[in-house]
Amino acid sequence: MVVENNTIILVRALVKLSSAIYDVDCMISSPKHKFQLKKDLDIFQVWLEQYIKDPVSNLSNADGELLLDLINLFDEYEQTIFIRTEYFTRVNLFLAKCSSALTDLKELDHTHSTYVIELTEKLEEVTSKSYFKHYKDYQDENGGNFTNIVNFMNSKGKTIIVGTL
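Bear in mind that the values here come from a model prediction, so they are computed numbers and not experimental data.

(A) Geometry of the nonpolar core. Formed by 48 residues in total, the largest nonpolar core has its most connected members in Phe-94, Leu-119 and Leu-123. For this core, the elements supplying multiple residues, two or more each, are helix H1 (5–28), helix H2 (35–78), helix H3 (86–107), helix H4 (114–127) and helix H6 (146–157). Sorting elements by how many residues they give to this core places H2 first, with 14 residues. Apart from residues lying up to four places away in sequence, Leu-123 is in contact with Leu-17, Phe-44, Cys-98, Ala-101, Leu-102 and Leu-105.

(B) Spatial organisation of the side chain of Asn-154. By secondary structure assignment, the location of Asn-154 is in helix H6. A polar contact of 2.5 Å, which involves the side chain of Asn-154, links it to the side chain of Ser-100. Other than its neighbours up to four places away in sequence, Asn-154 contacts Lys-16, Ser-100 and Thr-103.

(C) Structural view of H4. In a regular helix each residue adds 1.5 Å, so 14 residues correspond to 20 Å; H4 covers 20 Å between its end C-alpha atoms and thus fits that length. If you check which residues of H4 are buried, you get Val-116, Leu-119, Thr-120, Leu-123, Val-126 and Thr-127. The buried side chains of H4 occupy one side of the element, clustering within an arc of 135° when seen end-on.

(D) A look at the packing of aromatic side chains. In the structure shown here, the tally under the stated rule is nine aromatic pairs. Judged by centre distance (4.5 Å) and plane angle (5°), the ring pair of Tyr-51 and Tyr-115 falls under stacked. In this pair, Tyr-51 sits in helix H2 while Tyr-115 sits in helix H4, placing the two residues 64 residues apart along the sequence. Take Tyr-51: its relative accessible area is 16%, and that puts it in the buried class. Judged by centre distance (4.8 Å) and plane angle (65°), the rings of Tyr-131 and Phe-132 are edge-to-face. Judged by relative accessible area, Phe-132 falls into the buried class, the value being 0%. These aromatic residues form a ring-pair network of at least three members: Phe-44, Trp-47, Tyr-51, Phe-94, Tyr-115, Tyr-131 and Phe-132. Against the face of Phe-88 rests Arg-84, its NZ or CZ located 4.6 Å from the ring centre. Positioned above the aromatic ring of Tyr-138 is the side chain of Arg-84, whose terminal nitrogen or guanidinium carbon lies 5.2 Å from the ring centre.

(E) Local environment of the pattern of salt bridges. With the rule as written, the count across this model stands at twelve salt bridges. Across the pair Lys-106 and Glu-124 runs a salt bridge, and its minimum N-O distance is 3.1 Å. Here Glu-124 lies in helix H4 and Lys-106 lies in helix H3, a separation of 18 residues in the sequence. Among the salt bridges present, the one from Lys-133 reaches Asp-137, with a minimum N-O distance of 2.4 Å.

(F) Fine view of the environment of Ser-29. Inspection of the secondary structure assignment puts Ser-29 in the loop between H1 and H2. C-alpha of Ser-29 to C-alpha of Gln-139: the two residues are 110 residues apart in sequence and 25 Å apart in space.

Cut-off values and rules
- Residues numbered from 1 in each chain as written.
- Predicted model: local features only at pLDDT ≥ 70, side-chain atom pairs only at ≥ 80, totals over all residues.
- Heavy atoms only, no water.
- Core = buried A, V, L, I, M, F, W, Y, C linked by side-chain atoms within 4.5 Å.
- Buried < 20%, exposed > 50% of the residue type's maximum accessible area, 1.4 Å probe, protein only.
- Helix = DSSP H or I, 4+ residues; strand = E, 2+ residues; numbered from the N terminus.
- Contact = heavy atoms within 4.5 Å.
- Polar contact = N/O pair within 3.5 Å; in protein donor to acceptor, adjacent residues only side chain to side chain.
- Expected span 1.5 Å × (residues − 1).
- Arc of directions from axis to C-beta.
- Phe/Tyr/Trp six-rings, centres within 6.5 Å; stacked < 30°, edge-to-face > 60°.
- Lys NZ or Arg CZ within 6 Å of the ring centre and 35° of its normal.
- Salt bridge = Lys/Arg side-chain N within 4 Å of Asp/Glu carboxyl O.

As structure tokens, this is what we get:
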């Protein structure tokens, strides 16, 4: 089976987005999850679940163990992150996964792919919300910040090679 580079990049992005849905699930029970952020993420979560369902399901059916391995790649790192509170951490992880997935999607040759174009536009729309600025700008006493998380996810994602698919 020949796997194109675009396929690998798309799988990377979808795995990150699938994990980002979990972050939203973790935010829901927090009393801090309210106002426009809650409303926007509720809408986005429903849309994203539907939008990525078929490709993720196809990957799971083709090789469910591989999909789990890819998710675990990011989850292991995620366990090492804590920023102020559990909620603050989840918001940062959600944003980092979406931002890193955006980086992946922008690498794709997607000139004629309405799927990738629509996904990219929706991710840009949600991650550019002004209420996320506070989360993106925060830096802990050790210098850890949102950008560090995104950079790690970008570099870790690049370790997914053709041999794994």
